[in-house]
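# Topology and contacts: notes
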Amino acid sequence: FMGKVLIEKLLYSCSELDRIYLLLRNKKGVNAEDRLASLYSSKCFDRLRKEKPDIFQKKVFFIVGDCSEIGLGICAEDRTLIINRTNIIFHVAASVRFDETLKTAARLNLRGTREMVDLAKEIRNLEVLVHVSTSYANTNRKRIEEVIYPAFADWRDTLDICENIDDTTLNAVTPKYLGELPNTYVFTKQLAEHVVAEQKGILPIVIMRPSIVISSFREPVEGWIENLNGPVGMLIASGKGILRTMYTDPDLESDYIPVDVCIKAFITAAWARGSQK
């Protein structure tokens, strides 16, 4: 969802970019090449097709890979291509399910970030790595500042545990292992921040913490969205009259951010950090 808007905005407003390499995995029997074609058929790219025809085909190329695999699942030839031809990385891939097992969430959100950092270290002319975290990586705190808070566990130990303990045992100890954090998503995203924070002074990295991402404000069109995640399903169901009651705390505050506002912040942050020495 966010990746589509990021690609659209980069092509629409930053059209001097030479090319975009998009990491795509084969999914549900559909190969990466077909997934790229399907992605471009989205209504998200309507204005691009109308105002800048062919720019997508000329500038977007897929790299077959998988963020949950060692080395990101990228073959040696493609890795060499990225190392020599890339200057900017947007690391937006993540599992956003709250009920994911710790092993699965750690593989994608935590190990995937480590593998992305390892790749970034090899890139010859890296200008910036934008790592997308979440405002809810520290849900045990009422106020979140722009700092890295102490982790609830060591990220290396966590990966070691997830890779070497059987599923039954790991699932049994997960609630206690998470400590004050409510789910595996929040837990692994918090630890992932520490993976990139260790590169301070070594790699040019920016950590972005969007809150609950919802439909667009203006771009690519007003109110665009393609899923029912987060509050969207609840709001649609309420508007349709299907959902009439809800058990909740009336004093809770939900922090929503339109996806296009979010993506503009990512690109602005990349420019701000990437234009520095």
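Reading the values: rules and limits
- Residues numbered from 1 in each chain as written.
- Predicted model: local features only at pLDDT ≥ 70, side-chain atom pairs only at ≥ 80, totals over all residues.
- Heavy atoms only, no water.
- Helix = DSSP H or I, 4+ residues; strand = E, 2+ residues; numbered from the N terminus.
- Rg over C-alpha atoms; globule rule 2.2 N^0.38 Å.
- Buried < 20%, exposed > 50% of the residue type's maximum accessible area, 1.4 Å probe, protein only.
- Contact = heavy atoms within 4.5 Å.
- Phe/Tyr/Trp six-rings, centres within 6.5 Å; stacked < 30°, edge-to-face > 60°.
- UniProt positions renumbered as here; feature names shortened; annotations may be inferred.

## Looking at the overall build of the chain
In terms of regular secondary structure, the chain is built from 11 helices and 7 strands. The globule rule puts the C-alpha radius of gyration for 277 residues at 19 Å, and the 19 Å found for the chain is close to it. Taking the principal axes of its C-alpha atoms as reference, the chain extends roughly 50 × 50 × 40 Å. For the chain, the residues scored as buried account for 43% of the 277 residues in total.

## Notes on the environment of Val-117
Along the chain, the position of Val-117 falls in helix α6 (residues 102–122). Since its relative accessible area comes to 3%, Val-117 is described here as buried. Excluding residues that lie within four positions of it along the chain, Val-117 makes contacts with Leu-129, Val-195, Val-196, Gln-199 and Leu-203.

## A closer look at the packing of aromatic side chains
Inspection of every chain in the model, using the stated rule, returns 7 aromatic pairs. When the centroid spacing of 4.1 Å and the interplanar angle of 15° are considered together, the rings of Tyr-40 and Phe-56 count as stacked. In this pair, Tyr-40 is assigned in helix α2 (residues 32–40) and Phe-56 in helix α4 (residues 55–59), connecting sequence segments 16 residues apart. Note on accessibility: Tyr-40 and Phe-56 belong to one class, buried. Arranged with centres 5.4 Å apart and planes meeting at 70°, the rings of Phe-45 and Phe-56 form a pair that is edge-to-face. Of this pair, Phe-45 sits in the loop between α2 and α3 (46–51) while Phe-56 sits in helix α4, placing them 11 residues apart in sequence.

## Some details on the UniProt feature "domain: Thioester reductase (TE)" (unreviewed entry) in the chain
Under the UniProt annotation, the feature "domain: Thioester reductase (TE)" (unreviewed entry) is placed at residues 1–265. Strand forms 11% of residues 1–265 and helix 43%; the C-alpha atoms that close the span are 16 Å apart.

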